[in-house]
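Here are the chains, one letter per residue:
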Amino acid sequence: MKGLLSITLVLGVSTMVECLSKSDMEKIKATLKADNLVGPGNVGAPAVRLGFHDCVGGCDGCLNLNNKDNAGLANLTYELEEVYADPDLGYNQLLSRADFWALAATYSVELAIEHNNKMCKLSPKKFGLTSYESCKIDLPTWTFKTGRKDCATSPSTTKDVHLPGATLDYTSMVGFFKTEFGFSPREMTALMGAHALGSAFPENSGFKGTWTVVDENALNNQYYRFLIKDKLWVHKDVSPAPATKRHWQWDSTELGGFMITSDVVLYKDLMVDSSGHATCLSGSKTVSGTPGFSNCPDSPTASIVRDYAKSNAHWMKDFEKVFMKMLEHKSTNLKTIV
C-alpha cells in the first residue's frame with residue numbers, strides 16, 4: 001500500500017462517486033477504527049481538525065501540507081490515503097476523498113461521545129456532575145450525505161484557503177465564520193466546543209497544552225465549563241527562544257489546561273495586538289498575571305458560553321447541526337445514503 005500511496009499523491013487521483021450504501025459506510029467506519037485513524041481524544045482529534053481545514057474554502061478533499069497552519073495533519077492524510085486507495089478495499093470507488101475525510105470526522109465525534117458516556121456511567125463526578133443523566137450526551141441524529149467533489153489535484157493542493165489564526169479578536173472571529181460559512185455567532189460558539197478533544201503541540205502550532213484536562217478523550221461541554229472559570233486563567237507568552245513569532249496563550253495553573261485567544265474572545269471582550277498579546281477592550285486593562293481575564297467585560301457571546309456550560313444537551317443540539325453544516329460547505333446535490 002505504500003507504493004500505491006506514492007502514486008496517488010503524485011498523480012492527484014480524484015474521484016467523484018455516488019454509490020455508497022449504509023453497509024458500505026459501516027465497513028469503512030470499522031476499517032478506520034481498526035486502523036486507529038478515528039477515535040476519542042488525540043486519536044480522533046486530527047480527523048475532526050482535518051474535517052474543518054478541508055472545508056474552509058469548500059469541502060474538496062484537498063489539503064496544502066506546505067501551509068504551516070496544517071502542521072500535524074500530514075501523517076493522518078497519508079494514513080487515510082493508504083486506506084482510501086487500497087484496491088482490495090475499493091473505497092475510492094464508493095465515495096469521494098472529501099466524503100471519506102468527512103466520514104472520518106463525524107465518526108470520531110461519535111466515538112468521543114460514546115467515550116464520554118462510558119466515563120459518565122462510571123463516575124459523573126469526574127466531570128463535576130452529580131448524575132449520569134446530566135453527564136451523558138445523546139449521539140447526533142445527523143444524516144451523513146455523499147457527493148462532495150474532490151479538487152483536480154486531490155489530496156494535495158498549493159492553494160491557500162486562509163485558515164483562521166489562533167489570536168483573532170471577537171470581531172475577526174465573527175467575520176471569518178460569517179463570511180466563510182455563513183455561521184451566526186451562536187453557531188460559531190457551538191463549533192468551537194470541538195476543542196474539548198485532544199491537545200496542542202508546539203511542533204505543530206507553537207502552542208502547548210490540553211483544552212480540557214479532565215478527559216481530553218471525551219466530547220462534552222467541558223470546554224465551556226473550563227472557559228467560564230475566569231479567575232484561574234493567566235495570559236502567557238510560551239514562544240520558544242529565539243522564535244520571532246510570539247505565541248500568547250491562556251494557562252491555568254490550577255486546572256492545568258490552556259486556551260488560545262480565539263477561544264477566550266467567545267467569553268471576554270479583548271483587544272489583540274499584532275504579536276497576539278491581549279488586553280481588555282474596555283479600558284485596556286492588563287490581562288497578564290493574576291487574576292487573569294476576570295478584569296475584562298463579557299463578549300457578546302458570553303451568555304451563550306454560560307448556557308452551554310450549564311447543559312450538555314443545549315450545546316450538543318447546536319453542535320451537531322453546525323458541525324454537519326460545516327462538513328457540507330459549498331457542496332451541492334448531496335445524496336442521502338440508502
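In this text, all values refer to a predicted model and were calculated from it rather than measured experimentally.

Here the focus is the packing of aromatic side chains. Applying the stated criterion to the full structure yields 15 aromatic pairs. Aromatic side chains Phe 176 and Phe 181 sit 6.4 Å apart centroid to centroid with 75° between the ring planes, which places their arrangement in the edge-to-face category. Between Tyr 224 and Tyr 308, the ring centres sit 5.1 Å apart and the planes meet at 65°, which makes this aromatic pair edge-to-face. Remark: Tyr 308 occurs in helix H11 (residues 302-310) and Tyr 224 occurs in helix H9 (residues 222-227); sequence separation between them is 84 residues. Like Tyr 308, Tyr 224 is buried. Among the aromatic residues, ring-to-ring pairing joins Trp 142, Tyr 223, Tyr 224, Tyr 308, Trp 315, Phe 319 and Phe 323 into one connected group. Taking NZ or CZ as reference, Lys 268 lies 5.1 Å from the ring centre of Tyr 267, over its face.

This brings us to the packing of helix H4 (residues 74-84) against helix H5 (residues 97-122). It is the contact of H4 with H5, at a shortest axis distance of 11 Å, that shows an interaxial angle of 115°. The two elements H4 and H5 meet at a crossing, and its hand is right-handed. For the pair H4 and H5, contact is made by Thr 77, Leu 80, Glu 81, Val 83 and Tyr 84 and by Arg 97, Phe 100 and Trp 101, respectively. The residue inventory of the contact of H4 with H5, partitioned by class, reads five nonpolar, one polar and two charged.

In this structure the tally under the stated criterion is 13 salt bridges. We note a salt bridge from Asp 99 to Arg 148, for which the minimum N-O separation is 2.8 Å. Highlighted residues: Asp 99 in helix H5 and Arg 148 in the loop between strand E1 (145-146) and helix H7 (170-181), separated in sequence by 49 residues. Each of the two residues, Asp 99 as well as Arg 148, counts as buried. With its nearest N and O atoms 3.5 Å apart, the salt bridge here joins Lys 236 to Asp 251. Here Lys 236 is found in strand E4 (residues 233-237), whereas its partner Asp 251 is found in strand E5 (residues 248-252), with 15 residues between them in sequence. A residue is classified by how much of its surface remains accessible, and Lys 236, at 37% relative accessible area, is partly exposed.

With that settled, consider the confidence of the model for the chain. For the chain, per-residue confidence averages 88 on the pLDDT scale, and residues scoring 70 or more make up 88% of the total. In the predicted structure, residues 1-16 sits below a pLDDT of 50 and forms 36 contacts with residues beyond four places in sequence or in another chain.

The next thing to look at is the environment of Thr 77. Among the secondary structure elements, Thr 77 is positioned in helix H4. For the pair Thr 77 and Leu 50, spaced 27 residues apart in sequence, the C-alpha separation works out to 8.4 Å. In contact with Thr 77, other than residues within four places in its own chain, are Leu 50, Leu 63, Leu 65 and Trp 101. Among the polar contacts listed, one links the side chain of Thr 77 to the backbone oxygen of Ala 74, at a separation of 2.8 Å.

If you look at the biggest cluster of nonpolar residues, it comprises 88 residues, and the most contacted ones within it are Phe 100, Leu 219 and Phe 323. The biggest single contributor to this core is H5, with 11 residues. Met 119, Phe 127, Cys 135 and Ala 218 belong to the second-largest nonpolar core, a separate cluster that totals six residues.

Between its first and last C-alpha, H5 extends 38 Å over 26 residues, near the 38 Å set by a 1.5 Å rise per residue. By the criterion of burial, H5 is predominantly enclosed, with 22 of the 26 residues buried.

In space, the three strands of this open sheet follow the order E4-E5-E6, with antiparallel pairing throughout. Strands at the two margins of the open sheet, each flanked by one partner only, are E4 and strand E6 (258-259). Direction of pairing for E4 relative to E5: antiparallel, over a ladder of five bridges. Paired with Lys 236 across the bridge in E5 is Gln 249.

Here the structure, examined in full by the defined rule, presents three disulfides. The disulfide partner of Cys 62 is Cys 151, and the S-S distance across this bridge is 1.7 Å. With the S-S bond torsion at -85°, the cross-link from Cys 62 to Cys 151 turns out left-handed. Linking Cys 62 in the loop between helix H3 (41-55) and H4 with Cys 151 in the loop between E1 and H7, this pair joins segments that are 89 residues apart in sequence. An identical accessibility class is assigned to Cys 62 and Cys 151; each is buried. Each disulfide pairs two cysteine sulfurs, and for Cys 120 the partner residue is Cys 135, the sulfurs being separated by 1.9 Å. When the S-S torsion is -65°, as for the bridge of Cys 120 with Cys 135, the disulfide is left-handed. Of this pair, Cys 120 sits in helix H5 while Cys 135 sits in helix H6 (residues 132-135); the two residues are 15 residues apart in sequence, bridging distant segments of the chain. Neither residue differs from the other here; Cys 120 and Cys 135 are each classed as buried.

Thresholds, definitions, all that
Residues numbered from 1 in each chain as written. Predicted model: local features only at pLDDT ≥ 70, side-chain atom pairs only at ≥ 80, totals over all residues. Heavy atoms only, no water. Phe/Tyr/Trp six-rings, centres within 6.5 Å; stacked < 30°, edge-to-face > 60°. Helix = DSSP H or I, 4+ residues; strand = E, 2+ residues; numbered from the N terminus. Buried < 20%, exposed > 50% of the residue type's maximum accessible area, 1.4 Å probe, protein only. Lys NZ or Arg CZ within 6 Å of the ring centre and 35° of its normal. Axes fitted to C-alpha atoms, helices over the stretch in contact; angles between N-to-C directions. Left-handed = near helix turned anticlockwise from the far one by under 90°. Contact = heavy atoms within 4.5 Å. Nonpolar A, V, L, I, M, F, W, Y, C, P; charged D, E, K, R; others polar. Salt bridge = Lys/Arg side-chain N within 4 Å of Asp/Glu carboxyl O. pLDDT = per-residue confidence, 0-100. Polar contact = N/O pair within 3.5 Å; in protein donor to acceptor, adjacent residues only side chain to side chain. Core = buried A, V, L, I, M, F, W, Y, C linked by side-chain atoms within 4.5 Å. Expected span 1.5 Å × (residues − 1). Pairing = 2+ DSSP bridges. Disulfide = S-S within 2.5 Å.

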